[in-house]
Amino acid sequence: MGKTIVITNRKGGCGKSFTTASLGVGLTRHGKKVLMIDADSQHSLTVSLGVAEPDRILVTLATVMNNIINETAFEPTAGVIHHAEGVDIMPANNSLTGIELVLAPLIGRETILRQYIDKVQSLYDYLIIDTAPTLDLLTVNALAAANSAIIPVAPKFLDAKGLELLLKSIAQIRKVVNPNLTIDGILLTMVDKRPNFTKEIINMIEKAYGGEIRIFKEYILQSIRAAESSATGKSIFTYEPNGRVAAAYDSLVGEVLDNV
């Protein structure tokens, strides 16, 4: 059965979608079969992987979750898009926004995404879920379905302070919904090493959490080329294969593979 990893942070602008795409494609490059699931109604992952008009997609994550809620039979791989770099994507579009209202009154509302993953888990080595920068019901569903979490954090003061709140939320999810949820590690992203203040924030994060939670060895440096790659629908491994960002994400992939 495939391992399910959620990429999560309650703070936006820390590179969650880029990390999801890079980790997914990176694992595929190591011979793993990977499904990436876009559980963010802003559908940044879907767009960054080359889906130019997501609202024209007929079958998305919202579709399959509605099928589960309504107990409608469906083919587990329906809607899955195969990317040219070998990874599969369960896309999202604006229809995912309405799922929050549908989930709210349901008994067992935290388990709907898990039920979908149960249907496809045997087909993949890894399932990687991209989430919104909020603790909404979709993010709770993702945390409830996952085996582990990776937390991208930009070395900024508010991001570092928000990390404590996120870890408390994960602890609550573990206590109430998913006792098997673990944290694979904290990934420092969008790092500009030049300002002294950046170094101070990194030191603060390492001192506060490094004793209990793995902090991945390689930082993801701030890069215009990384931002450009998302606009082309290609991963950083194809867009700038010999760059520092690709090397850092390949290091992350190695640590994830070693953590099985």
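Residues numbered from 1 in each chain as written. Predicted model: local features only at pLDDT ≥ 70, side-chain atom pairs only at ≥ 80, totals over all residues. Heavy atoms only, no water.

Overview of the pairing of strand β5 (residues 126-131)
Piece 1. For β5, the buried fraction is high: six of the six residues fall into the buried class.
Piece 2. Across five bridges, strand β1 (residues 3-7) lies against β5 in parallel orientation. Within β5, the residue paired with I5 across the bridge is I128.
Piece 3. Across six bridges, the pairing between strand β2 (residues 34-39) and β5 is parallel. (Buried < 20%, exposed > 50% of the residue type's maximum accessible area, 1.4 Å probe, protein only. Helix = DSSP H or I, 4+ residues; strand = E, 2+ residues; numbered from the N terminus. Pairing = 2+ DSSP bridges.)

Details of helix α3 (residues 61-69)
Piece 1. Most of α3 is tucked away, with seven of its nine residues classed as buried.
Piece 2. Listed as buried for α3 are L61, A62, V64, M65, N67, I68 and I69.
Piece 3. Taken together, the buried residues of α3 touch β2, β4 (88-90), α4 (99-103), α5 (112-120) and α6 (137-145).
Piece 4. Downstream of α3 by a residue or two, E71 has a phi angle that is positive, lying close to 55 degrees. (Contact = heavy atoms within 4.5 Å.)

With respect to the side chain of T19
Piece 1. Residue position: T19 is located in helix α1 (residues 16-29).
Piece 2. Judged by its relative accessible area of 0%, T19 falls in the buried class.
Piece 3. Engagement of the side chain of T19 in a polar contact is seen with the side chain of Y249, the distance being 2.8 Å.
Piece 4. Ignoring anything within four residues of it in the chain, the contact list for T19 reads I7, P152, L187, T189, Y249 and L252. (Polar contact = N/O pair within 3.5 Å; in protein donor to acceptor, adjacent residues only side chain to side chain.)

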